[in-house]
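For reference, the chains in residue letters:
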Amino acid sequence: CTVIVTRLATRDLHKPISILFCNLAVSDLFTSFSGFWISMLFITSPDITIFGSKDMLAPYALYTTSILSTIYNLVSIGIERYLAVAESMRTRFRVARSHSIAVVVISWVLAFLLGCLPLLGWNCLQADRSVSVLYSPFCVNYLIFIAIPNVVVAFIVPLFTYLRIIIILRDRKLRMKACGQATGTYKSAEVQVARTSISIWLLALVSYAPFFAGVIFDATNRRCHADLYPGVYIFRNCTAMLIPITCLGNPVLYTLKLRTLGAKLKALRGLSANRVRACAI
């Protein structure tokens, strides 16, 4: 919410990357809301979160949609950063605000279509043969269909884009060094991008790898719910706790550093104080 308010209150949304940042915050907000919904169902009726119920379809669908939207946003930000760095090499194409808005719309439409498939009938409320043990009443084949391609996209595309950014910055630094020009700016940019990309990978690994491992376990498991209780469900709850780490880490990594956040909030407070004084006068 702080990211959304700060972005909307300033003029940063004129930049294409800021639209993606704000949309990423919206996705994280949906993830937090749906996770809270599932947690309340677990507190009030823990059995339906273990054995499955029709009441779990809507919160799980919203949870899946928000996670997919977050993944697509992270991939879009990596591609946008690559195109921005390689702009001098690709003078015929420049990322505009309309492109970012189109990416946001497409990512949400795709996330809703894939995330709401269980609400449209792809669930195991009637058939118990392929029901998921960890996420009933989702079907195992649906989880595989959702998890494997999106996890591959979430890891492979950022790997390519950020490695290409580091290579481009290093090549430019070497060219400037060969011409006898100062290379401090490119060196600091290269170090910053390298640190950011490593942080992105660690955050994605910690957040999504356990969930992916749970889906693989679901696909290979042939035991019933009672045989796996409570250890496997404790693992499921831990993986659900790890995903909000992405929601907490994204603003720090992509859009807000602590000093920048403090400076912008101080500026907003100063602006509101000036308005109050002007109205009083």
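Owing to the predicted nature of the structure, the values given are computational and were not obtained by experimental measurement.

So, on to the UniProt feature "transmembrane region" (unreviewed entry) in the protein chain. In the numbering adopted here, UniProt assigns the feature "transmembrane region" (unreviewed entry) to residues 17-40, 60-79, 100-122, 142-167, 198-217 and 233-256. In residues 17-40, the share of helix is 100% and the share of strand is 0%. The end C-alpha atoms are 35 Å apart. Along residues 100-122 the backbone is 70% helical and 0% strand, and the end-to-end C-alpha distance reaches 31 Å.

With that settled, the discussion passes to the confidence of the model for the protein chain. Across the protein chain, the average pLDDT comes to 76, with 75% of residues at 70 or higher. Helix α5 (residues 97-115) holds the highest mean pLDDT among the elements of the protein chain, 89, whereas helix α10 (residues 258-280) holds the lowest, 50.

Next up on the list: the nonpolar core. Formed by 35 residues in total, the largest nonpolar core has its most connected members in Tyr135 and Phe138. Sorting the residues of this core by element identifies α2 (16-44), α3 (46-51), α4 (57-85), α5, α6 (140-178), α7 (184-220) and α9 (231-255) as the ones contributing at least two each. Take this core: its biggest share by element is seven residues, from α4. Not counting residues within four places of it along the chain, the set of residues in contact with phenylalanine 138 comprises Leu57, Tyr60, Ala61, Thr64, Pro118, Cys124, Ser130, Val131, Ser132 and Leu143. Listed in part, the 17 residues of the second largest apolar core include Leu20, Trp108, Ile165 and Leu169.

A few words now on the state of the cysteines. With the rule as written, the count across this model stands at one disulfide. In this model, cysteine 124 is linked to cysteine 139 through a disulfide, with the two sulfur atoms separated by 2.1 Å. Because the torsion about its S-S bond is 125°, the bridge between cysteine 124 and cysteine 139 counts as right-handed. With cysteine 124 in the loop between α5 and α6 and cysteine 139 in the loop between α5 and α6, the pair connects residues that are 15 residues apart, well separated along the chain. Residue class for cysteine 124 comes out buried when judged on its relative accessible area of 3%. Of the residues examined, cysteine 139 reaches a relative accessible area of 3% and is grouped as buried.

Left-over empty space is what a probe sized like a water molecule reveals as it rolls over the atoms. The tally for this structure, following the rule as stated, stands at two cavities of 30 Å³ or more. Volume-wise, the largest cavity comes out at about 250 Å³. Residue lining of the largest cavity: 18 residues in total, with Thr64, Ile67, Ile146, Ala147 and Phe211 positioned closest to the centre. Mapped by element, the contributors of at least two residues to the lining of the largest cavity are α4, α6 and α7. Sort the elements by how many residues they give to the lining of the largest cavity and α6 lands first, with seven residues. By volume, the second largest cavity is sized at about 150 Å³. For the second largest cavity, the lining is made up of 15 residues, of which Leu74, Ala154, Pro158, Ile200 and Ala204 are closest to its centre. Looking at the lining of the second largest cavity, the elements that each hand over two or more residues are α4, α6, α7 and α9. In terms of residues, the lining of the second largest cavity owes the most to one element, α7, which gives five residues. Class assignment of the residues belonging to the lining of the second largest cavity gives a composition of 13 nonpolar, two polar and no charged.

Tracing the backbone through its elements, the reader meets isoleucine 106 in helix α5. Residue classification places isoleucine 106 among the exposed residues on the basis of a relative accessible area of 56%. Separated by 37 residues in the primary sequence, isoleucine 106 and serine 69 have C-alpha atoms spaced 9.8 Å apart.

Take a nonpolar patch on the surface next. Side chains of Ile148, Val152, Ile156, Leu159, Leu163, Ile167 and Ile216 sit close together on the surface and give an oily, nonpolar patch of about 550 Å² of accessible area. Within the secondary structure, leucine 163 is located in helix α6. The partly exposed category is assigned to leucine 163, whose relative accessible area is 45%.

Here we come to the packing of α2 against α4. Interhelical geometry of α2 versus α4 gives an angle of 160° and a closest axis separation of 8 Å. Relative to α4, α2 is oriented roughly antiparallel. The handedness of the crossing between α2 and α4 is left-handed. A class-by-class count of the residues in the contact of α2 with α4 yields 18 nonpolar, ten polar and three charged.

Turning to the side chain of asparagine 73, a few remarks are in order. With respect to the element layout, asparagine 73 can be found in helix α4. For asparagine 73, the contacting residues outside a window of four places in its chain are Leu20, Asn23, Leu24, Ser27 and Ser107.

Take the packing of aromatic side chains next. Per the counting criterion, the structure on display carries nine aromatic pairs. Ring geometry for tyrosine 60 versus phenylalanine 138: centroids 5.5 Å apart, planes at 55°, classification tilted. One end of the pair, tyrosine 60, is in helix α4; the other, phenylalanine 138, is in the loop between α5 and α6, and 78 residues separate them in sequence. The same class applies to tyrosine 60 as to phenylalanine 138, namely buried. Ring pairs connect the aromatic residues Tyr60, Trp122, Tyr135, Phe138, Tyr142, Phe145 and Phe211, which therefore count as one cluster.

Criteria and cut-off values
Residues numbered from 1 in each chain as written. Predicted model: local features only at pLDDT ≥ 70, side-chain atom pairs only at ≥ 80, totals over all residues. Heavy atoms only, no water. UniProt positions renumbered as here; feature names shortened; annotations may be inferred. Helix = DSSP H or I, 4+ residues; strand = E, 2+ residues; numbered from the N terminus. pLDDT = per-residue confidence, 0-100. Core = buried A, V, L, I, M, F, W, Y, C linked by side-chain atoms within 4.5 Å. Buried < 20%, exposed > 50% of the residue type's maximum accessible area, 1.4 Å probe, protein only. Contact = heavy atoms within 4.5 Å. Disulfide = S-S within 2.5 Å. 1 Å grid on protein atoms, 1.4 Å probe; cavity = no way out; pocket = protein on both sides within 12 Å on 5 of 7 lines; lining within 4 Å. Points joined across faces, edges and corners; volume = space filled by probe spheres on them. Nonpolar A, V, L, I, M, F, W, Y, C, P; charged D, E, K, R; others polar. Patch = residues over 30% accessible without salt bridge, like charges linked within 9 Å, V, L, I, M, F, W, Y side chains within 5 Å. Areas by Shrake-Rupley, 256 points an atom, 1.4 Å probe, with all protein chains shown as cover. Salt bridge = Lys/Arg side-chain N within 4 Å of Asp/Glu carboxyl O. Axes fitted to C-alpha atoms, helices over the stretch in contact; angles between N-to-C directions. Parallel < 35°, antiparallel > 145°, perpendicular 65-115°, else oblique. Left-handed = near helix turned anticlockwise from the far one by under 90°. Phe/Tyr/Trp six-rings, centres within 6.5 Å; stacked < 30°, edge-to-face > 60°.

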